[in-house]
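Working through the structure, step by step
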Amino acid sequence: MDPDPRGGDRLLAAREALAAAESAASASGLRPAAPEQSEPDPHAIARKIVLRQLAMGPRTRRQLEDRLRDRGCEPQVAARVLDRMGEVGLVDDEAYAEMFVRSKQETKGLAAGALRHELRAKGLSDEVVDAALEEIDPEHEKEQARALVARRLRTMRGLDRDVQTRRLAAFLARKGYGPGVAYQVVREALDELPEHLRD
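Residues numbered from 1 in each chain as written. Predicted model: local features only at pLDDT ≥ 70, side-chain atom pairs only at ≥ 80, totals over all residues. Heavy atoms only, no water.

**Looking at helix H6 (residues 112–121)**
Note the cut-off: Throughout, exposure labels follow a simple rule: accessible area from a 1.4 Å probe, protein chains only, divided by the maximum for the residue type, with under 20% read as buried, over 50% as exposed, and the rest as partly exposed. Helix and strand definitions follow DSSP, with helices as H or I runs of at least four residues and strands as E runs of at least two, each counted in order from the N terminus. By definition, the arc is the one covered by directions from the helix axis to the C-beta atoms. When checking whether two residues touch, look at their non-hydrogen atoms; a contact exists if any pair is within 4.5 Å.
Of all the residues in H6, the buried ones are Ala114, Leu115 and Leu119. For H6, the arc enclosing every buried residue in end-on projection is 130°, short of the 170-degree limit, so these residues lie on one face. Looking at H6, the residues exposed on the side facing more than 90 degrees away from the buried face are His117 and Ala121. Of the surrounding secondary structure, the elements contacted by the buried residues of H6 are helix H5 (93–108), helix H7 (126–133) and helix H9 (161–174). At the C-terminal side of H6, Gly123 shows a positive phi close to 90°.

As structure tokens, this is what we get:
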């Protein structure tokens, strides 16, 4: 599940800001009140869809656009509603990317390579992805790799060193670590094992 760093308070505050802004616009004549009509307001429907999605957790603009398109929302309506949500802070791709990177590093131990792939899959631009990933400290990433290898090694005692090396390197590759870091960390970990000291 994607991270939800600020929970319901942020969502509630943004909803209130959105409602207040729309109410003020309507009262000032900038936004005329909708006439009595049998047809539902497409903007209101789009807002409900977006707010329902955000209540389940943060979403990127692209994810919300896709959801609105799937529900038959017109592109112009979707753009207008999402622009408004962005103005009140409910849709913020930069903040989403930063939260996602922190969360996945802490919970999954993902490296920059895997994080880049996942962020792009969520529809974030290269510019936003690059900005989020530039905060990653290479030394911290290496420490994460060491911790992952140490945990995985507990299940691989007694195996041949070559087998351990292949499996651990493949494991780190799936987490997004490059071959240089992966093999260095694996070699260091295996060199410290008593079973390999006599080699």
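**Re the packing of H5 against H7**
Condition: Angles shown run from 0 to 180 degrees and are taken between the N-to-C directions of axes, each axis being a line fitted to C-alpha atoms and, for helices, limited to the stretch in contact. Angular relationships are summarised with four words: roughly parallel below 35 degrees, roughly antiparallel beyond 145, roughly perpendicular across 65 to 115, and oblique for the angles in between. The sense of a crossing depends on the near helix, which, turned anticlockwise from the far helix by less than a right angle, makes the crossing left-handed and, turned clockwise, makes it right-handed. Polarity classes work like this: nonpolar for Ala, Val, Leu, Ile, Met, Phe, Trp, Tyr, Cys and Pro, charged for Asp, Glu, Lys and Arg, and polar for all others, with Gly in that last group.
At a minimum axis separation of 9 Å, H5 and H7 run at an interaxial angle of 45°. Taken together, H5 and H7 sit at an angle that is classed as oblique. In this structure, the crossing between H5 and H7 has a hand that is right-handed. Together, Asp93, Glu94, Ala97, Glu98 and Val101 of H5 and Val128, Ala132 and Leu133 of H7 make up the contact between the two elements. The residue makeup of the contact of H5 with H7, split by class, is five nonpolar, no polar and three charged.

**Quick notes on helix H2 (residues 42–56)**
Short version of the rule: The span one expects for a helix is its residue count, reduced by one, times 1.5 Å. N or O atoms within 3.5 Å of each other form a polar contact, as long as, within protein, one can give a hydrogen and the other can take it, and as long as residues adjacent in sequence are counted only when both atoms are side-chain atoms.
End to end, H2 covers 22 Å across 15 residues, agreeing with the expected 21 Å (1.5 Å per residue, within 8%). Residues of H2 that are buried include every one of His43, Ala46, Arg47, Ile49, Val50, Leu51, Gln53 and Leu54, and no others. Capping the start of H2, Asp41 holds a side-chain oxygen 3.1 Å from the backbone nitrogen of His43, two or three residues further along.

**A word on the pattern of salt bridges**
What counts, and what does not: Each reported salt bridge corresponds to a side-chain nitrogen of Lys or Arg within 4 Å of a carboxyl oxygen of Asp or Glu.
Per the counting criterion, the structure on display carries nine salt bridges. In this structure, Arg120 and Asp126 form a salt bridge, with 3.0 Å as the shortest nitrogen-oxygen distance. You can call Arg120 partly exposed: its relative accessible area is 43%. Of the charged contacts, one joins Arg161 and Asp191 as a salt bridge, the two residues approaching to 2.7 Å between their closest N and O atoms. Of this pair, Arg161 sits in helix H9 while Asp191 is found in helix H10 (residues 179–191), placing the two residues 30 residues apart along the sequence. For Arg161, a relative accessible area of 22% gives the class partly exposed. When salt bridges that share partners are traced, they join Arg61, Glu65 and Asp83 into one network.

**Observations regarding a negative patch on the surface**
In plain terms, the rule: What makes a patch is a set of residues exposed beyond 30% relative accessible area and free of salt bridges, joined within 9 Å when like-charged and within 5 Å when nonpolar (Val, Leu, Ile, Met, Phe, Trp, Tyr). To be clear on the numbers: accessible area is Shrake-Rupley with a 1.4 Å probe, and residue cover counts the displayed protein chains and nothing else. We score Asp and Glu as negative and Lys and Arg as positive, and we do not count His or the chain ends. Just so you know, the charge point we use is NZ for Lys, CZ for Arg, CG for Asp and CD for Glu.
Together, Asp92, Glu94, Glu98, Glu127, Glu134 and Glu135 give the surface a local cluster of negative charge. By the secondary structure assignment, Glu127 is in helix H7.

**Thoughts on the packing of helix H8 (residues 138–153) against H9**
Their axes nearest at 11 Å, the elements H8 and H9 cross at an angle of 135°. Between H8 and H9, the interaxial angle falls into the category oblique. Handedness of the H8/H9 crossing: right-handed. Contact with H8, carried on its side by Ala145, Leu148, Val149, Arg152 and Leu153, involves Gln164, Leu168, Phe171, Leu172 and Arg174 of H9 and no other residues of that element. Considered class by class, the residues forming the contact of H8 with H9 number seven nonpolar, one polar and two charged.

**Brief notes about the packing of aromatic side chains**
Where we set the bar: Under the pairing criterion, centres of Phe, Tyr and Trp rings, with the six-membered ring standing for Trp, must be within 6.5 Å; the plane angle then separates stacked pairs below 30 degrees from edge-to-face pairs above 60, leaving the rest tilted. By definition here, charges over rings are those cases where NZ of Lys or CZ of Arg is within 6 Å of the ring centre and within 35 degrees of the ring normal.
In this structure the tally under the stated criterion is one aromatic pair. Ring centres 6.1 Å apart and planes at 20° place the aromatic pair Tyr96 and Phe100 in the stacked group. On the criterion of helical spacing, the pair formed by Tyr96 and Phe100 is a turn pair, its members being four residues apart in helix H5. Accessibility assignment for this pair places Tyr96 and Phe100 in one class, buried. The side chain of Arg152 reaches across the aromatic face of Phe171, ending 3.9 Å from its centre.

Read these as geometric descriptors, not functional statements.
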